[in-house]
Amino acid sequence: PPLVGPDNACYVIYTSGSTGRPKGAVVTHAGLVNRTAHVAPTINRLGADGVLLQKTEIGFDVSPAEIYAALSTGARIVVARPGGHRDPAYLRDTIIAESVTSIELVPSMLSALLAEGITDCTSLRSVAVGGEELPVDVARAFLAALPGCELHNTYGPAETTVDVTSWHCTTDDLADVSRVPLGRPFPNITLRVLDDLLQPVPMGAPGELYVAGVGVGRGYWGAAGLTADRFVPDPFGSVGSRLYRTGDAVAWRSDGTLEFLGRLDAQVKLRGVRVELGEVESALRSCVGVRDAVASVVRVDGRQVLVGFVVPGGSGVDVVGVREVLRGVLPEVLVPSVVMVVDVVPVDPNGKVDRRQLPVPVLGDESVFVAPVSVVERTVAGVWARVLGRDVVGVESSFFDLGGDSMLAVSLVGALRAAGFATSVRDVFAYRTVRGLAASLGEGVDEWEPVAPFALLSDADRAALPADLTDAYPATQAQVGMAVEIAKDDAARPYHIVHTMRVDDGLPFDVEPLRATLAELVARHDTLRTSVDLTGYSVPMQLVHAEAQVPIAVHPDASGHPAYVTAERGRPFDLASPPPLLRVAVHREDDKGWWLTVSVSHLITGGWDLNLLLADLRDGYHRRRRGEQPTPVEPVAVRYADFVAAELSALDSEADADYWRDVVTGRPKFTLPDTLATESGPRQVCRTELDIADLDPALRGLASSLGVPVKAVLHAAHLKVMSQLSGERRFYTGLVCDARP
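Residues numbered from 1 in each chain as written. Predicted model: local features only at pLDDT ≥ 70, side-chain atom pairs only at ≥ 80, totals over all residues. Heavy atoms only, no water.

Some points on the overall build of the chain
Assigned secondary structure in the chain consists of 22 helices and 27 strands. When the 741 residues of the chain are sorted by exposure, 45% land in the buried category. For the chain, the exposed surface amounts to about 37,400 Å²; the carbon and sulfur share of it is 54%. Charged side chains of the chain number 68 positive and 93 negative; the gap between the two group centres comes to 4 Å. (Helix = DSSP H or I, 4+ residues; strand = E, 2+ residues; numbered from the N terminus. Buried < 20%, exposed > 50% of the residue type's maximum accessible area, 1.4 Å probe, protein only. Areas by Shrake-Rupley, 256 points an atom, 1.4 Å probe, with all protein chains shown as cover. Lys, Arg positive; Asp, Glu negative; His and termini not counted. Charge placed at Lys NZ, Arg CZ, Asp CG, Glu CD.)

Right, here's the structure in full:
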């Protein structure tokens, strides 16, 4: 009888993995045979006429993989000289001299070979890359240099017999990805993506990768505890089957392949935000004068710092210029605080990047506040400070880190235009800092002028107006649409907003501070003095009155508060009634708190500006109630009339019409599946509620790191879900934006 069977140990390979602690992974004969039978012909493209360059040291698990792949197919093996696996020039010359057809590399060595020049390595049929994440730009560069050679991205821990997945890289497939996928499993290998409870996660959701099947090894030599921790029972497999916990975060793609998301035990974070080092490195390598690059988060003087290390090529590299380039292509959090020049990217004995060998950076003196230097910077910084409610603003601080959002960006743009600068909300999003925005403005003066009262009316409409108005202008397309919906369905009462909240200020309620604050807000905002006339003029018209009084109903106790709110939701406004389309009620509860209920028509306010209105109302009341002066406010720089003028101009613009016509007709109609239900039963609606308190810090942290408002992050999540449901990668969708100053 045979002395050795398929499940017996074939070899022990010592690997430290991501932990840095060496452990002996025991691999079976069946695992190595299964891997060799698939990889040798389909990935290595080996046959009797093949030539494999065996350049991996015997202590690395790719070494037996290379040897047995060649031996099993009758291919010739060329053994590299000792230490040759670290010398890209030697490897290139050996490939050419020996007509090598197949080689296995780590991505960092592939990058180094590209820097040496591989266009003469035309004998290569296939290159397999593994051991660490393959950057997209490196893969694209390789295919451009050797279009006749296949490139395979392989993945797998030593514990599962070298590798368990592969993805054939092509120029077309790489054009539409931001990360090179891990691909699909080898034959007789099963991949499971599970959550913390060992339950499968849906497509697109992150989870930990578990490997099952013939490639899973026996465990760690002489380490029963560690084996039990990493090799766990397979709850979905047959009795006795096991899973290997890889510790890698992955997600299923819609095409059934896997996307690598990073190590679970070594997530790189900066200021609470996960940093994709590969994205930083790809951007660094794209800079002029950079031959190779690596990024790392290191601790310097007690704080975490993102550092970019670059290997210069040719005439050298301008590190200051590199940071400026990165500011234009990366979110603020991904721009390295320091860029250092190194002679070479250090690697470990297996050829993988070894960040522990990188030099410790020396930081220059950095101050939290960077003062403006030019006239434009000083003016812009002053406007920012007023809009953000701060005493001073440094020129290097991000608008969104200082508390800015899309609504404040609108206010900022209005204030900057009033100061004579041509800018837009898009500019605020693009440049983010006072220095960046000021540089884009130059010394130019904006040609934009605010709309004069009554300037948007025809002579006939102007003559028909009542005498007590301060302005009038056409209703917007959105307002007309809302008015039509309101008129045609009285029972539904759409666009009628009732907002109620408890106010705990520690003092008995006093109506006079509330009345004074409301009067101030009404005087400041045209929309709060606006009524709507849908039929009395040539177009539906908004009429801005000189004065308006907000009705305030004060109830002596809170017992009737719930019933009042319910009844108020059934009392919509008459759009043609005198302004304001707003009313307020107070229910006293005790000497320390009371309920505030605000009812308002959606035609004069929306979600974003209603929140600001409520905040101003609360702040003004509290200050007056305590006997303090209200917070000084700047005059409104942009009125709703200015937005109406912009919309009318866009409606008359042939260029705008062509753009939106292309949006509507330029792509197929976006459709979602009719239902995810089966024919076996009725449709069911599944509702999942998430506590916003659990999500809010992470959402705000992500938004801050990207230099965008939270709304943009939520929009991106919406697009991701729509893409997963529909299977479409490119499509148009709508986004509700606020235009009321």
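Okay, back to it.
Details of unusual backbone geometry
In this model, P579 is joined to P580 through a cis peptide bond whose omega is 5 degrees. Note that P580 resides in the loop between α17 (561–568) and β26 (582–590). Of note in this structure, T161 is not a glycine but carries a positive phi near 70 degrees. Summarising the element assignment, T161 is placed in the loop between β7 (150–155) and β8 (165–169).

So, the state of the cysteines
Taken as a whole and judged by the stated rule, the model has zero disulfides. As a non-bridged cysteine, C149 has C121 as the owner of its nearest cysteine sulfur, 9.2 Å distant. Overall, C149 belongs to the buried group, its relative accessible area being 4%. (Disulfide = S-S within 2.5 Å.)

So, the sheet that holds strand β2 (residues 23–28)
Spatially, three strands are ordered β1-β2-β12 in an open sheet, and the strand pairing comes out antiparallel. Each of the sheet's edge strands pairs with one partner strand only, and the pair in question is β1 (9–15) and β12 (219–220). As defined by bridge partners, β2 adjoins β12 across two bridges and the pair is classed as antiparallel. Paired with V26 across the strands is G219, a residue of β12. (Pairing = 2+ DSSP bridges.)

Some remarks on the packing of aromatic side chains
One pass over the structure, following the stated rule, counts seven aromatic pairs. Here the guanidinium or amino end of R81 rests over the ring plane of Y90, the centre of that ring lying 4.1 Å away. A cation over a ring is seen here: R583 above F573, with NZ or CZ 4.1 Å from the ring centre. (Phe/Tyr/Trp six-rings, centres within 6.5 Å; stacked < 30°, edge-to-face > 60°. Lys NZ or Arg CZ within 6 Å of the ring centre and 35° of its normal.)

Quick notes on the sheet that holds strand β25 (residues 552–555)
The four strands are arranged β22-β27-β26-β25 in an open sheet whose pairing can be described as mixed. Strands at the two margins of the open sheet, each flanked by one partner only, are β22 (496–504) and β25. Neighbour-to-neighbour, the strand axes of this sheet turn through a mean angle of 15 degrees, independent of strand direction. The pairing of β26 with strand β27 (residues 593–601) spans eight bridges and is classified as antiparallel. Bridging across to β27, L582 finds its partner in V600. (Axes fitted to C-alpha atoms, helices over the stretch in contact; angles between N-to-C directions.)

A closer look at the side chain of T246
By secondary structure assignment, the location of T246 is in strand β14 (residues 242–252). A polar contact is formed between the side chain of T246 and the backbone oxygen of L209, at a distance of 2.7 Å. The residues contacting T246, other than those within four sequence positions of it, are Y155, P157, E208, L209, V211, R230 and R263. (Polar contact = N/O pair within 3.5 Å; in protein donor to acceptor, adjacent residues only side chain to side chain. Contact = heavy atoms within 4.5 Å.)

Thoughts on the pairing of strand β5 (residues 102–105)
Note on strand geometry: in a regular strand, side chains alternate between the two faces of the sheet. With burial as the criterion, each face of β5 is covered, one bearing S102 and E104 and the other bearing I103 and L105. Bridging between β5 and strand β6 (residues 126–129) involves four bridges; their strand directions are parallel. In the strand pairing of β6, I103 is matched with V127.

What about the packing of helix α3 (residues 88–98) against helix α4 (residues 107–116)?
Put simply, α3 and α4 touch, their axes get as near as 9 Å, and they point 75 degrees apart. On the basis of the axis angle, α3 is roughly perpendicular to α4. Across from P88, A89, L91 and R92 in α3, the residues of α4 making contact are M109, A112, L113 and E116. Taken together, the residues that form the contact of α3 with α4 break down as six nonpolar, no polar and two charged. (Parallel < 35°, antiparallel > 145°, perpendicular 65-115°, else oblique. Nonpolar A, V, L, I, M, F, W, Y, C, P; charged D, E, K, R; others polar.)

A few points about helix α22 (residues 710–726)
In this model α22 runs 25 Å from its N-terminal to its C-terminal C-alpha over 17 residues, within 8% of the 24 Å that 1.5 Å per residue would give. G727 occupies a position one or two residues after α22 and carries a positive phi of about 80 degrees. (Expected span 1.5 Å × (residues − 1).)

As for the pattern of salt bridges
Where side chains of opposite charge bring their charged atoms close, a pairing between them can arise. This structure, assessed with the given rule, holds 34 salt bridges. Close ionic contact of R355 with E281 constitutes a salt bridge, the shortest N to O distance being 2.6 Å. Of the two residues, R355 is situated in the loop between β20 (338–341) and α10 (375–388) and E281 in helix α8 (residues 277–285); the sequence distance between them amounts to 74 residues. A relative accessible area of 33% means that R355 is categorised as partly exposed. Through salt bridges with shared partners, one network takes in D471, D526, R529 and R639. (Salt bridge = Lys/Arg side-chain N within 4 Å of Asp/Glu carboxyl O.)

Some words on the pairing of strand β11 (residues 207–213)
Judged by how many residues are buried, β11 sits mostly within the fold: six of seven residues are covered. The pairing of strand β10 (residues 189–194) with β11 spans six bridges and is antiparallel. Bridge assignment links L191 to a residue of β11, and that residue is V211. Inspection of the sheet shows β11 paired to β14 by four bridges, in the antiparallel sense. The residue of β14 that forms the bridge with E208 is A249.

Topic: the nonpolar core
Of all hydrophobic cores here, the largest spans 34 residues; its most connected members are L124, V127, L134, F142 and L151. Counting residues per element, the ones that place at least two in this core are β3 (51–54), α3, β5, α4, β6, α5 (136–145) and β8. It is α5 that contributes the most residues to this core, five residues altogether. Excluding its chain neighbours within four sequence positions, the residues that come into contact with V127 are I103, L105, F142, C149, E150, L151 and H152. M482, V586, W594 and L610 belong to the second-largest nonpolar core, a separate cluster that totals 33 residues. (Core = buried A, V, L, I, M, F, W, Y, C linked by side-chain atoms within 4.5 Å.)

Comments concerning the environment of P556
When you line up the elements, P556 lands in the loop between β25 and α17. Here P556 falls in the exposed class, since its relative accessible area comes to 65%. Separated by 33 residues in sequence, P556 and E589 place their C-alpha atoms 7.9 Å apart.

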